[in-house]
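Spelled out, the chains give:
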Amino acid sequence: MDFAIARRRMVEQQIVARGVTDVRVIEAMKNIPRHLFVEVGLQAHAYSDSSLPIGAKQTISQPYMVAAMSAALELQGHERILEVGTGSGYQTALLAKLAKRVYSVERIAILAGRARKVLDQLQLSNVNIKIADGTIGWKDQAPFDGILVAAGSPEIPLSYLEQLDVGGKLVLPVGDRDQQILVRVIRQQDGSFKKEQLMGCRFVPLIGEQGWEDEGNG
Ligand code: SAM
């Protein structure tokens, strides 16, 4: 299988055709080998229009969702970003190409370890990964210019609002355990928060102190 051709097709048919216009997001996605973030047996499906299992009952997000969430942060390249839910590390790799530094939190150690290896292989050295409950953010490194949460939360955790810099953008799925609305929150100069609903989505649950309870199945 020619991964480069599959990747170009993915970007044209799933990302550009659906209205993502951020040139930096499009260029970066043309260059990140998504097949390296899934197990060998699934590599033939790595550029398909879907999420895929990555072990530990978790998933690598659908390419369009990764693109749309990243585009919603409107990154220029100078930003410090908090990502919650490293998963496979694919979204992390994209953020690493779009921003200055990425602080990524994953609660499942085996996933964090695998993501670290692929990011190292791709020589993306501007990423710090921590194994922890990401619902409480990453206080030592706050404030952030952008926060991207790749798991569905019952409500917006207060810690993210507290750790968002003025002008900063938070993108996260909010809703019930298996269906959510993608929400963007922008911290205004006067300290208030502007909230927008972007689209419907389906993410695995955000589990932790300010998220869902761990039911042992997600
Ligand atoms: N964007 C990732 C990718 O493309 O591979 C996929 C992320 S996956 C949909 C969601 C991830 O969030 C899972 O790896 C899960 O373990 C993680 N997660 C859930 N709750 C978390 C929490 N409180 N802190 C950190 N990670 C969490």
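Everything that follows concerns the structure shown earlier in this document.
Treat the numbers as computed from the prediction; the structure is a model and nothing was measured.

This part takes up the site of the ligand. Lining the immediate surroundings of the ligand are 26 residues, of which Ser88, Glu106, Asp133, Gly134 and Ile207 lie closest. Separating an oxygen atom of the ligand from a side-chain N or O atom of Glu106 is a distance of 2.6 Å. One nitrogen or oxygen atom from the main chain of Gly134 is found 2.8 Å from a nitrogen atom belonging to the ligand. Among the detected pockets, the ligand sits in the largest cavity. At three residues, the largest contribution of residues to the shell around the ligand is made by strand S2 (residues 58–60).

One turn of the α-helix equals 3.6 residues, which is why residues spaced by three or four share an orientation. When you tally the buried positions in helix H4 (residues 90–98), you get eight out of nine residues, the bulk of the element. Of all the positions in H4, only Tyr90, Gln91, Thr92, Ala93, Leu94, Leu95, Ala96 and Leu98 are classed as buried.

What follows covers the pairing of strand S7 (residues 164–175). Pairing of strand S6 (residues 144–149) with S7, which is carried by four bridges, proceeds in the parallel orientation. Within S7, the residue paired with Leu148 across the bridge is Val171. With seven bridges joining them, S7 and strand S8 (residues 180–187) adopt antiparallel strand pairing. In the strand pairing of S8, Leu172 is matched with Val183.

Conventions adopted
Residues numbered from 1 in each chain as written. Predicted model: local features only at pLDDT ≥ 70, side-chain atom pairs only at ≥ 80, totals over all residues. Heavy atoms only, no water. Near = heavy atom within 4 Å. Polar contact = N/O pair within 3.5 Å; in protein donor to acceptor, adjacent residues only side chain to side chain. 1 Å grid on protein atoms, 1.4 Å probe; cavity = no way out; pocket = protein on both sides within 12 Å on 5 of 7 lines; lining within 4 Å. Sits in = over half its atoms within 2 Å of the grid points. Helix = DSSP H or I, 4+ residues; strand = E, 2+ residues; numbered from the N terminus. Buried < 20%, exposed > 50% of the residue type's maximum accessible area, 1.4 Å probe, protein only. Pairing = 2+ DSSP bridges.

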